[in-house]
Amino acid sequence: MISTEEKKETIYTVLLDNDNEESELNNYSTGKLVHLIQTICKSYVGKFTVRKEESGYIYENGTMRRNNSFVLNFFNADEETINNIAADLCAFFKCKDVYITRKEEYRHIVKDSI
């Protein structure tokens, strides 16, 4: 039997960017970084995702700087919790800043049971 439901969720996206030379994001393997990020996040919330992305910045002189970035999504957390997570990540990895976006989204969930 198939059932469906609509669910409204608040989704916060946090961008943790390797934006300076002193960043600790330069000093660990991707696997270790994901583990450290997950350890910090799970002390606050139960539902999140983490993915690694490569980003870049092109300076006025045409040179490009490549960064290792991590994108984290949090579902149905409150703003204060997200700000605390972002502050901890920023401090732990010695990043200049962490970017946060928020959106409301409707999810259509399909379930099938025998």
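Here's a quick rundown of the structure. Once a new chain begins, its residue numbering starts again from 1 and follows that chain's sequence as written. Reporting of local features is limited, given that this is a predicted model, to residues whose pLDDT is at least 70; pairs of side-chain atoms are given and counted only at 80 or more, and all residues count toward the totals for whole chains, interfaces and linings. For the side-chain quantities, the full set of heavy atoms in the structure was used; hydrogens and water were omitted.

Some points on the packing of aromatic side chains
The rule is short: rings of Phe, Tyr and Trp, with Trp giving its six-membered ring, pair when the centres are within 6.5 Å, and they are stacked under 30 degrees, edge-to-face over 60, tilted in between. Evaluated as defined, the whole model comprises 3 aromatic pairs. For the pair Tyr57 and Tyr59, a centre-to-centre distance of 4.9 Å together with 75° between the ring planes defines the contact as edge-to-face. Centre to centre, the rings of Phe92 and Phe93 are 5.0 Å apart; their planes meet at 85°, and the pair counts as edge-to-face. The ring of Phe75 is capped by Lys47, whose NZ or CZ atom sits 5.4 Å from the centre of that ring. Charge-over-ring contacts are defined here by two conditions on Lys NZ or Arg CZ: a distance within 6 Å of the ring centre and an angle within 35 degrees of the ring normal.

Describing helix α2 (residues 79–93)
With 15 residues, α2 ought to run about 21 Å at 1.5 Å a step, and its terminal C-alpha atoms sit 21 Å apart, in line with that. Per-residue accessibility, obtained with a 1.4 Å probe over protein chains only, is compared with the maximum for each type, and a residue is labelled buried under 20%, exposed over 50%, and partly exposed between these values. Segments assigned H or I by DSSP are reported as helices when at least four residues long, segments assigned E as strands when at least two residues long, and all are numbered from the N terminus. Those residues of α2 that sit buried are Thr81, Ile82, Ile85, Ala86, Leu89, Cys90 and Phe93. Residues of α2 that are buried sit in contact with β1 (2–17), α1 (30–42), β3 (64–75) and β4 (98–112). One side-chain oxygen of the residue at the start of α2 lies 3.2 Å from the amide nitrogen of Glu80, identifying that residue as Asp78. Backbone geometry just after α2 places Lys94 at a positive phi near 55°. One less than the residue count of a helix, multiplied by 1.5 Å, gives the span that helix is expected to have. It only takes one pair of heavy atoms within 4.5 Å for two residues to be counted as in contact. What qualifies as a polar contact is a pair of N or O atoms within 3.5 Å, subject to a donor-acceptor requirement within protein and to the restriction that residues adjacent in sequence count only when both atoms come from side chains.

Everything listed is a geometric property; what it means functionally is a separate question.
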